[in-house]
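# Structural features, examined
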Amino acid sequence: MKILVAVKRVVDHNVRIRVRPDGSGVETNGVRMSMNPFCKHAVEAAVQLAEAGQASEIVVVSIGPKAANDVILTALAMGAHRGLLIETDDNLETLAIAKLLARVVAEEQPDLVLLGKQAVDDDSNHVGQMLAALTDRPQATFASAIKLSGGALEVTREVDYGRETLALPLPAIVTADLRLNNPRNAALPMVMKARAKPLALRPAAEFGVDLAPRLRIENISPPPERVAGQIVGSVADLAARIAAEIDAMEAS
Amino acid sequence: MAVLVLAELDNGILSPATARIVAAAAQLGPVDLLVPGPHAAAEAAAGIAGIAKVMVSDTDLLAESLVALVSTLAVRYRYLVSSASTLGKDVMPRLAGTLDIQPVTDIVAIEGENRFTRPIYAGNALETVIDNQARHVLTFRASAFRPAASGNAAPIETIDSPTASAARFIAAHRSESDVPDLATAQIVVGGGVAVGSTEGFQLIEKLGKTLGAAIGATRAAVDAGFAPNDWQIGQTGKIIAPDLYIAIGISGALQHLAGIQGARKIIAINADAEAPLVKIADLALIGDLFEIVPQLTAELERLGVKR
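The model shown is predicted, which means the values in this text are computed figures rather than measured ones.

### Here we look at the overall build of chain B
- Within chain B, the secondary structure is distributed over nine helices and 18 strands.
- A principal-axis box enclosing the C-alpha atoms of chain B has dimensions of 60 × 40 × 40 Å.
- Partitioning the intrachain contacts of chain B with sequence separation of at least 6 by distance along the chain shows that 62% fall at a separation of at least 24.
- Summing over all exposed atoms, chain B offers an accessible surface of approximately 11100 Å²; the carbon and sulfur share of this is 52%.
- Charged side chains of chain B number 23 positive and 31 negative; the gap between the two group centres comes to 4 Å.

Structure below.
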């Protein structure tokens, strides 16, 4: 089985972001960037399938500026076999990303495409589902367990009411949730080895996809700030305040 | 211009989120509601104010099936809308890909017929976008909108579902509970990793029961096995917007704070007066939660708070 994993370079999820005062966006200059955490779960899932002898090749693809090579190298160090960077300095919308990935799927013909369920910058949670539509493949989003048996996948999904299990014929698209696995930190020898693995770079324009944005971002602003309130002195005081709050709620 | 709303169901029963999504969608135009489930759910939905027509289809809830169904109806509508639930998140981007539309999702405010605000970076920033496409695929956060009134009697039309999905449903693992739904609850009581155990969470549940509240947990508490996954509040869990949120033993990691931005009033019970959540709480009581929570529950019961 051949697996394609798509990964995104984002502001590191431990960084407290700063909204630019002019409303043009979130400051990314001089900010630590790393692989989107959900994408790491997707890479780890692919590597585990390979280690179990169920996948023969893992191709990792990222779309972004040249610096996105970093996250591809991270995936290669984790155990992916080769990388592809689709280079663009533009901030592409999720539909354009899905269209580029659909071209890669057409070229590579993977049996399984793994993606993170969402990127922690725009929090869209679109690309896997859109790619499934564009390639006419079945999908399982928010995966917390993946089992391959007899050419079909059994995927457990995290949903609002709990969990559910689906069976998917291959080829299929799966997006990873947090509890799918614990992504490894690649040891130094693996990081060194990753640099020797093939990593192709192709400009986004080469794919013949309309990349023009459909939406216009008018403004990006910080959320309204909450200010510290009051410290109450006793349980009785707190209980009285909660009771008053509930009375007010019932009255409104 | 007409709006098609995909109804939210849970176990074949109309979810309270639906009335909120309908109220939000009604700001954009007359609403038709598609109920992917039993006729009884359609009858419940027909009572929601602002709905012109209910369509009901006996389909499964897999993304492929729902996209095939909505696609056949899509041409008649300018807006295709659902809740930003796990169902809406699964279905709507696939629908958008099929229709070649860039979707706008997790909307928390409608600023105009094509102008929407949505949180990004786990709610640490808000993005206002203009969507000039001829048709719109949107999801709304149910918790950000008030529910529509009831008392309507919209006509119900049965429609066929076109195709079955290549994916196949095997099993649901449902956490049975009689507590209110987290995403739409008026009061939420949440516990953090300091609660320490599933037994500790029983104290939280007891307080929640007294208040008629939904129960939530932080990712750390869920990861530690103290609480089930579907209780998780935060960027990667559920987004809540209750009138009152009582956060117990929760320090306030960024990803948890992202899930509670919409709470009207926040009360913190924490041993650490310097915890980030205490810093943003409207009211805080500093001390040992294992002493405070049982006392608080008893005191509220004594005061006759019962919902």
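From this point on, the discussion continues.
### Section: the overall build of chain A
- Along chain A, the regular secondary structure elements total six helices and 13 strands.
- Along the three orthogonal principal directions, the C-alpha set of chain A runs to about 65 × 45 × 40 Å.
- The long-range share in chain A, meaning contacts at least 24 apart out of those at least 6 apart in sequence, stands at 71%.
- Counting every atom, chain A has about 10800 Å² of accessible surface; 50% of that belongs to carbon and sulfur.
- Between the averaged position of the 27 positive side-chain charges in chain A and that of its 31 negative side-chain charges there is a distance of 6 Å.

### So, the side chain of Asp 177 of chain A
Residue and element names in this part refer to chain A.
- Tracing the backbone through its elements, the reader meets Asp 177 in the loop between strand 10 (172–176) and helix 5 (188–194).
- Its relative accessible area of 3% is what places Asp 177 among the buried residues.
- Not counting chain neighbours up to four residues away, the residues in contact with Asp 177 comprise Phe 38, His 41, Lys 117, Phe 142, Ala 143 and Glu 158.

### Overview of the pairing of strand 11 (residues 136–140) of chain B
Residue and element names in this part refer to chain B.
- Summarising burial for strand 11: five of the five residues are buried, a large majority.
- Here strand 11 shows two buried faces, one formed by His 136, Leu 138 and Phe 140 and the other by Val 137 and Thr 139.
- Sheet topology places strand 6 (residues 79–83) next to strand 11; five bridges connect them, and they run parallel. For Val 81, the partnering residue across the bridge sits in strand 11 and is Leu 138.

### A look at the pattern of salt bridges
- Within this structure, the stated rule accounts for 33 salt bridges over all chains.
- Across the pair Arg 32 of chain A and Asp 12 of chain A runs a salt bridge, and its minimum N-O distance is 3.5 Å. Here Asp 12 of chain A lies in the loop between strand 2 (9–11) and strand 3 (33–35) and Arg 32 of chain A lies in the loop between strand 2 and strand 3, a separation of 20 residues in the sequence.
- Measuring nitrogen to oxygen at the nearest pair gives 2.8 Å for the salt bridge that ties Glu 218 of chain A to Arg 115 of chain B. Placement of the pair is Glu 218 of chain A in strand 12 (residues 215–221) and Arg 115 of chain B in strand 9 (residues 115–120), with the two residues belonging to separate chains.
- With relative accessibility at 34%, the residue Glu 218 of chain A sits in the partly exposed group.
- Residue class for Arg 115 of chain B comes out partly exposed when judged on its relative accessible area of 29%.
- Connected through shared salt-bridge partners, Lys 2, Glu 57, Arg 82 and Glu 108 of chain A make up one network.

### A closer look at the interface of chain B and chain A
- Across the contact, 90 residues belong to chain B and 80 residues belong to chain A.
- Summed over both sides, the interface between chain B and chain A buries roughly 6900 Å², with carbon and sulfur atoms accounting for 57% of that surface.
- On the chain B side of the interface with chain A, the three residues burying the most area are Arg 94, Gln 102 and Tyr 121 of chain B, jointly 11% of the side's total.
- On inspection of chain B and its partner chain A, the count reaches eight salt bridges.
- In this structure, Glu 245 of chain A and Lys 265 of chain B form a salt bridge, with 3.2 Å as the shortest nitrogen-oxygen distance.
- Linking chain B to chain A there are 38 residue pairs in polar contact (both at pLDDT 80 or more).
- The element that contributes the greatest number of residues to the side of chain B that touches chain A is helix 4 (residues 86–99) of chain B, accounting for eight residues.

### Digging into the confidence of the model for chain B
- With 99% of its residues at a pLDDT of 70 or more, chain B has an overall mean of 94.
- Interface confidence in the predicted complex, given as ipTM, is 0.95; pTM for the same model is 0.92.

Quick notes on the rules
Residues numbered from 1 in each chain as written. Chains lettered and ligands numbered in written order. Predicted model: local features only at pLDDT ≥ 70, side-chain atom pairs only at ≥ 80, totals over all residues. Heavy atoms only, no water. Helix = DSSP H or I, 4+ residues; strand = E, 2+ residues; numbered from the N terminus. Contact = heavy atoms within 4.5 Å. Areas by Shrake-Rupley, 256 points an atom, 1.4 Å probe, with all protein chains shown as cover. Lys, Arg positive; Asp, Glu negative; His and termini not counted. Charge placed at Lys NZ, Arg CZ, Asp CG, Glu CD. Buried < 20%, exposed > 50% of the residue type's maximum accessible area, 1.4 Å probe, protein only. Pairing = 2+ DSSP bridges. Salt bridge = Lys/Arg side-chain N within 4 Å of Asp/Glu carboxyl O. Buried area = accessible area lost by both parts, 1.4 Å probe. Polar contact = N/O pair within 3.5 Å; in protein donor to acceptor, adjacent residues only side chain to side chain. pLDDT = per-residue confidence, 0-100.

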